[in-house]
Amino acid sequence: MQWWTLFQKELIENVRNVKWIWVPLIMILIAIMDPLTNYYLPQIIEAVGGMPEGAEVQLPEYQPDDVVMMSLGQFSTIGVLTIALISMGTIAGERNSGVSELILVKPVSYMNYITAKWASLALLVLTAFALGMAASWYYINILYGDLSFGALLQVLFFYGLWLTLVISLSIFYNTLFKTPGIVAFLTLATIILMGLITTIFSHVLEWSPNYMSDYIQQMLITGSVPGELIGTAGVTIILVILLVFGSASIFKNKELAG
Amino acid sequence: MVLLNVENLSKKYDRKPVIDQVSFQFDSGKCVALIGPNGAGKTTTLRILSGLLKPTSGSITFTGIKQHDDIRKMIGYLPQHPVFYKWMTGWEFLIYTGRLAHLSKKEATKRAEKLLERVRLTEAANRRIGKYSGGMKQRLGIAQAMIHHPTLLVLDEPVASLDPIGRREVLSLMEELKTDMTILFSTHILSDADEISDELLLLHDGRIVESGSMDELRSQYQTAKMELGFDGNLDDYQKKVVAMPAVTTCYIDRNLLHVTVTDIGAARLQILTAASTEQWPLTSFAINRASLEDMFMKAVNS
Amino acid sequence: MMEEVNLFNDINWAVIAPILVIQGILIIVAIIDLIRIDKTNGPKWMWGLIVILINIIGPIIYFIFGRRND
């Protein structure tokens, strides 16, 4: 009951501050940017004056799964940046402004407060991501060739887990710090650091969430879900749960004023 | 019946106490003022009571609440500078806080309607809070604090940031409220406390330096002072007055004799007797009761 | 599989229309929001120019950095 009240408030807030309009739109743009520019690259080069004499560009013929990976590539940079920016103030901002002083003196369960924030963000981001990938799928099918709907769903599920991890990290830092800028910075820094650690210790960290894209690509090429992808998905889900519960317990023991 | 009992409450930051061994208690139905200068620890005390801060040591006992039960259910809290969601309307905010406090949709609606009327915001109910004035926000703040029928209303400097009109609005609202609920409010403005509270707690440097009802404190700190006005030279009379047994000091300032006495009754009798038998050219005779400011200064200095 | 598309004359509308629509929505929503909002980070007229003049990115940076949410 109380959870639903908190969740509804988050939804209404994101409708009124028009996040429910622009976040899906930006995710669609992110998703279709590369498929379009790569397809029209020859014309674009010509339009800006063509190649110098003698230089010949050999453009590769992209397959549908290459193009999916292009879209995911953009999500892993601009997409993650966008998520960090839209989520950086969800709790930190409320504590910073002081609204939380009015809310948290009511008998509000900290677990409800955190999970409602988390769920509303996840709903927004994952819906936007799904719309983006649907747009990308639309272009792939008219410009590059067939990609099955089932494959799209698999991509949505597995890459959605990775984005959920990003959201959970942001929520976690939101409970630790009151300055939204610091929250965004630490979220991004953690993801970059995780990437570095994964590269350095690649032989032991086979199921690191940072491999999600690589295994998705494998899945698209082979047409079957590789075991590593299941493992990575499992690790990601566990991390998400740990982060959300960790956030709630940090919040519970934190002084919420001053 | 004792509603709240606070014992040896301390809060330290980096070993520096903000409040130090604070103890007090009060009965239900009272309006209690926590008075002290800025930085005395008023906000810290109230935040601990409302559960926003955790005390370093000490205990808070609330009558009618079981151990480990959520104290927040019993308390309605208004911070010093309440901040709302600007994008919500006053109505939406009240429903939201009511629902958070486990009221049903129906209850919350009924309660919000009633409270909006009580704090005179019915007309502004569907306007966005971002457009509210300071006084309106403060009144909405009081309404949200009362939404879940709290046993104790805790208000932190409820009128400090308001203009004279807003102050008047909020003070008269508190005057109304105190007839049917227990209120604990902090202020650094002594006249506000004087106006509406039944009991005072004087906080200074994180310690309770004095407490009691207004009348008790008045009689305790009664520094009896008299002011006498004369037609003519004051010096002769000063000598006579200072020689009286009930008088401690007597000095001249701005054409008045200022007399401090040990016992008002005795001093009055001695002075008036002398004045009538010796036919003093008295033009004025006044007894000053201690002001709250005097009382506060005395309590702090002792 | 590559069809000849002349960039200026023979536009493939199935490809371009969605982008134009998205860009249009972004600008309109940003401007309506800019008019309705009380305060922005920095002057409103500046955000108006950014939204109108910078293609696609303008409205987005307005939503992320220009809006004040509290």
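Residues numbered from 1 in each chain as written. Chains lettered and ligands numbered in written order. Predicted model: local features only at pLDDT ≥ 70, side-chain atom pairs only at ≥ 80, totals over all residues. Heavy atoms only, no water.

## Remarks on the interface of chain A and chain C
Interface size is commonly expressed as the accessible area that is lost once the parts come together. Between chain A and chain C, the contact holds 25 residues from the first and 22 residues from the second. Counting the surface lost from both chain A and chain C, the interface buries some 2,200 Å², and carbon and sulfur atoms represent 76% of this. Where chain A touches chain C, the interface holds 0 salt bridges. At the level of secondary structure, the elements contributing two or more residues to the side of chain A that touches chain C comprise helix H2 (19-39), helix H3 (41-47) and helix H7 (110-144) of chain A. If you tally residues by element for the side of chain A that touches chain C, the top one is H2(A), at 10 residues. (Contact = heavy atoms within 4.5 Å. Buried area = accessible area lost by both parts, 1.4 Å probe. Salt bridge = Lys/Arg side-chain N within 4 Å of Asp/Glu carboxyl O. Helix = DSSP H or I, 4+ residues; strand = E, 2+ residues; numbered from the N terminus.)

## Remarks on the UniProt feature "transmembrane region" (unreviewed entry) in chain A
Residue and element names in this part refer to chain A. The positions UniProt marks with the feature "transmembrane region" (unreviewed entry) are residues 20-41, 67-86, 118-140, 152-173, 182-205 and 229-251. Secondary structure across residues 67-86 divides into 100% helix and 0% strand, with the first and last C-alpha atoms of the span separated by 27 Å. Helix makes up 79% of residues 182-205 and strand makes up 0%, while its end C-alpha atoms are separated by 28 Å. (UniProt positions renumbered as here; feature names shortened; annotations may be inferred.)

## Thoughts on the pattern of salt bridges
All told, the structure shown has 22 salt bridges over all chains when counted by the stated rule. With a shortest N-O distance of 2.9 Å, Asp20(B) and Arg207(B) are connected by a salt bridge. Here the residue Asp20(B) occupies a position in strand E2 (residues 16-27), and Arg207(B) occupies one in strand E9 (residues 207-213), the gap between them amounting to 187 residues. Overall, Asp20(B) belongs to the buried group, its relative accessible area being 17%. With a shortest N-O distance of 3.2 Å, Lys131(B) and Asp38(C) are connected by a salt bridge. (Buried < 20%, exposed > 50% of the residue type's maximum accessible area, 1.4 Å probe, protein only.)

## Observations concerning the sheet that holds strand E7 (residues 182-187) of chain B
Residues and elements named next belong to chain B. Spatial strand order, E5-E6-E7-E3-E8-E9: 6 strands in an open sheet with mixed pairing. Both outer strands of the open sheet, strand E5 (75-78) and E9, are each paired with one neighbouring strand and no more. Neighbour to neighbour, the strand axes of the sheet diverge by 15° on average, direction disregarded. Sheet topology places strand E6 (residues 152-156) next to E7; 5 bridges connect them, and they run parallel. Bridge pairing in E7 links Asp-156 to Ser-186. Of the strands in this sheet, strand E3 (31-35), E5, E6, E7 and strand E8 (199-204) are in contact with helix H1 (residues 42-49), which crosses E7 at around 150°. (Pairing = 2+ DSSP bridges. Axes fitted to C-alpha atoms, helices over the stretch in contact; angles between N-to-C directions.)

## Concerning unusual backbone geometry
All names here are of chain B. Of note in the backbone geometry, Asn-8 takes a positive phi value of approximately 50° without being a glycine. Note on placement: Asn-8 falls in strand E1 (residues 2-13). For Asn-8, a relative accessible area of 37% corresponds to the partly exposed category. Non-glycine residue Gln-279 carries a positive phi angle of around 55°. Within the element layout of this structure, Gln-279 appears in the loop between helix H9 (264-277) and strand E13 (282-288).

## Topic: the interface of chain A and chain B
Counting residues at the interface gives 29 residues for chain A and 30 residues for chain B. A buried area of about 2,700 Å², summed over both sides, lies between chain A and chain B, and 60% of it is on carbon and sulfur atoms. Three residues stand out in chain A for area buried against chain B, namely Leu102(A), Lys106(A) and Pro107(A), and they jointly supply 26% of the buried area on that side. In this assembly, chain A and chain B are joined by 2 salt bridges. With a shortest N-O distance of 3.1 Å, Arg47(B) and Glu101(A) are connected by a salt bridge. Counting residues per element, the ones that place at least two in the side of chain A that touches chain B are helix H1 (2-16), helix H5 (92-97) and helix H6 (99-103) of chain A.

## Side note on a nonpolar patch on the surface
All names here are of chain A. Residues Ile-192, Leu-193, Leu-196, Ile-197, Ile-200, Phe-201, Val-204 and Leu-205 make up a contiguous nonpolar surface patch of roughly 750 Å² in combined accessible area. Summarising the element assignment, Ile-197 is placed in helix H9 (residues 180-200). Here Ile-197 falls in the partly exposed class, since its relative accessible area comes to 37%. (Patch = residues over 30% accessible without salt bridge, like charges linked within 9 Å, V, L, I, M, F, W, Y side chains within 5 Å. Areas by Shrake-Rupley, 256 points an atom, 1.4 Å probe, with all protein chains shown as cover.)

## Describing the packing of helix H8 (residues 149-176) of chain A against H9(A)
Residues and elements named next belong to chain A. Taken N-terminus to C-terminus, the directions of H8 and H9 make an angle of 135°; their axes are 9 Å apart at the nearest point. On the basis of the axis angle, H8 is oblique to H9. Every pair of crossing elements has a handedness; the one defined by H8 and H9 is right-handed. Here H8 contributes Trp-162, Leu-165, Val-166, Leu-169, Ser-170, Tyr-173 and Asn-174 to the contact with H9, which in turn contributes Val-183, Leu-186, Thr-187, Thr-190, Ile-191 and Met-194. Within the contact of H8 with H9, the residues separate by chemical class into 9 nonpolar, 4 polar and no charged. (Parallel < 35°, antiparallel > 145°, perpendicular 65-115°, else oblique. Left-handed = near helix turned anticlockwise from the far one by under 90°. Nonpolar A, V, L, I, M, F, W, Y, C, P; charged D, E, K, R; others polar.)

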